[in-house]
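Structural characterization, general
Residue-level listing of the chains:
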Amino acid sequence: LPTAHKGPMTCVRGVGVAARYQRRPTVPRGSGRGRGSSSSSSGRCTVVAPHSAAATSSDQTNNGQLMSEMKVETYVGTGHLVDDDKRFEVEYYIRSSECGVTQTIGPASLVSLLQEAATEHAFLLWGRPEGSYPVDPTMRDANLTFVLTRLRLVVSPNPPRWGQRVAIRTWFDAEGKAGARRDWEVLDAETGEVLASATSTWILLDMVKRRLARVPQGTRDFNAPYFFDDVARGRGGAARKVPDAKSGAECATRTVEVAWSDNDANGHVNNARFVRWAVDCIPESPFGQSLSMVEVEFVSEAMFGEALEVCCYEDVVSDGGCTDGEASDFVGVGASRRCLSVLRKRGLSPKKNGKEVARVATEWRSE
């Protein structure tokens, strides 16, 4: 279901939701970025955390032309459908630029890779209106889009590394009357070992009325053949609300100004940037530690030129937070360090900061 448009969040009647960031899904054959056979099963659902991106109302027209009247491009990437077309699989090589000092993929880079796979999935199923993003045919011209609200990513003690060939599988399912869920698994392409898994929740938004909407029955029926009600191994439960810091807890702060390069094609900060800023604000660099879990709750959008204050609290998440025991099926996943980063728009004074943008909880294990 979810067809998220790229970019951070949008506040809907007081309900904070983040529109998911999705890179333009064009992976030429032989590019070295992805491998595998390409099958052209026609499809429909969007998928990417559940689906790839429906565009905003301004994106859905081109000089007044309806999307339904635009030429639809077909998928030219290397991914393909598996498991009776219920899931999408695509292979990537982990680049050195995506890794840190430990030569393992960084949290923000891994989130970006998940988004890329999801967008490719949607592109394969729906095609892509020229000059736009993959959009479910039943939602074209209706100004409907799915937006990302929560993401939970769990990483094994053996995370993806530089030069490793990984296979990413992703699928989606309906969730409630106005939502959807997308899941991922990241596997070693040679051995099949699960290196990471993730889940996300999405809600449907009417871009004209700026309010939540129920998923039309036509959209449900159209995507039903692609629904896959399965849980990604190791995800440790559904993506949930990220808890507040304990009252009176001290935090380390830094200010980030949204640069032009932080924005995606929809003019919003892309979701992976929030993860990067949250990790960069950790008081002492987690050098010598590897990521065990990251959980993100998207609350409102951030735009070019805005200043954000990032407050990082360490080892102070409330009892509602994540715990070692529920983290995943991965052996030895126990976290030795927990951090909570809260991102807010900077106000006129340090004591009067503006709207909260996102909160990111991370857990780390000693290597």
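Each value, and the rule that gives it
- Residues numbered from 1 in each chain as written.
- Predicted model: local features only at pLDDT ≥ 70, side-chain atom pairs only at ≥ 80, totals over all residues.
- Heavy atoms only, no water.
- Core = buried A, V, L, I, M, F, W, Y, C linked by side-chain atoms within 4.5 Å.
- Buried < 20%, exposed > 50% of the residue type's maximum accessible area, 1.4 Å probe, protein only.
- Helix = DSSP H or I, 4+ residues; strand = E, 2+ residues; numbered from the N terminus.
- Contact = heavy atoms within 4.5 Å.
- Pairing = 2+ DSSP bridges.
- Phe/Tyr/Trp six-rings, centres within 6.5 Å; stacked < 30°, edge-to-face > 60°.
- Axes fitted to C-alpha atoms, helices over the stretch in contact; angles between N-to-C directions.
- Parallel < 35°, antiparallel > 145°, perpendicular 65-115°, else oblique.
- Left-handed = near helix turned anticlockwise from the far one by under 90°.
- Nonpolar A, V, L, I, M, F, W, Y, C, P; charged D, E, K, R; others polar.
- Polar contact = N/O pair within 3.5 Å; in protein donor to acceptor, adjacent residues only side chain to side chain.
- pLDDT = per-residue confidence, 0-100.

Here's the deal with the nonpolar core
- Counting residues in each nonpolar core, the largest one holds 67 residues, and the members touching the most others are Leu153, Ile168, Phe274 and Trp277.
- Ranked by residues supplied to this core, first place goes to helix α1 (residues 107-126) with 12 residues.
- Those residues in contact with tryptophan 277 that sit more than four places away from it in its chain are Arg254, Val256, Val258, Asp262, Val269, Leu308, Val310 and Leu343.
- Judged by nonpolar contacts, the second largest core, of 6 residues, contains Val242, Cys311, Leu340 and Val342.

Here's the deal with the pairing of strand β16 (residues 289-298)
- Along β16, 10 of the 10 residues are buried, which leaves the element largely enclosed by surrounding structure.
- As judged from the 5 bridges shared by strand β10 (residues 144-155) and β16, these two strands associate in the antiparallel manner. Along β16, the bridge assignment pairs arginine 152 with glutamate 295.
- Where β16 meets strand β19 (residues 356-366), 9 bridges bridge the pair, whose relative direction is antiparallel. For valine 296, the partnering residue across the bridge sits in β19 and is valine 360.

Observations regarding the packing of aromatic side chains
- In total, this model carries 7 aromatic pairs according to the counting rule given.
- Where tyrosine 75 meets phenylalanine 88, the ring centres are 6.3 Å apart and the plane angle is 75 degrees; that geometry is what we call edge-to-face. Taken together, the positions of tyrosine 75 in the loop between β6 (72-73) and β7 (80-82) and phenylalanine 88 in strand β8 (residues 87-93) put the pair 13 residues apart, joining distant regions of the chain.
- A relative accessible area of 11% means that tyrosine 75 is categorised as buried.

Brief notes about unusual backbone geometry
- Backbone geometry places aspartate 83, a non-glycine residue, at a positive phi of 50 degrees.
- With respect to the helices, strands and loops of the structure, aspartate 83 is situated in the loop between β7 and β8.
- Positive phi, normally seen in glycine, also occurs at aspartate 85, with a value near 70 degrees.
- One can find aspartate 85 in the loop between β7 and β8.
- Classification of aspartate 85 as partly exposed rests on a relative accessible area of 29%.

A few points about the packing of α1 against helix α3 (residues 271-280)
- Close contact between α1 and α3 brings their axes to 8 Å; oriented N to C, the two are set at 165 degrees. If you check the angle between α1 and α3, you find them roughly antiparallel. Remark: the crossing between α1 and α3 carries right-handed chirality. Counting all contacts with α1, which are made through Pro107, Ala108, Ser109, Val111, Ser112 and Gln115, the residues of α3 involved are Asn271, Ala272, Val275, Arg276 and Val279.
- In the contact of α1 with α3, the residues fall into 6 nonpolar, 4 polar and 1 charged.

Regarding the side chain of asparagine 263
- Relative to the helices and strands, asparagine 263 resides in the loop between β15 (252-257) and α3.
- Side-chain polar atoms of asparagine 263 contact the backbone oxygen of alanine 259, separated by 3.1 Å.
- Not counting residues within four places of it along the chain, the set of residues in contact with asparagine 263 comprises Val258, His268, Val269, Ala302, Met303 and Phe304.

Observations regarding the confidence of the model for the protein
- Looking at the protein, pLDDT values average 75 and 68% of them are 70 or higher.
- Here strand β2 (residues 15-18) stands out as the least confident element of the protein, with mean pLDDT 32; β8 is the most confident, with 96.
- Low pLDDT, under 50, characterises residues 1-64; the predicted model gives this stretch 304 contacts beyond four residues in sequence or across chains.

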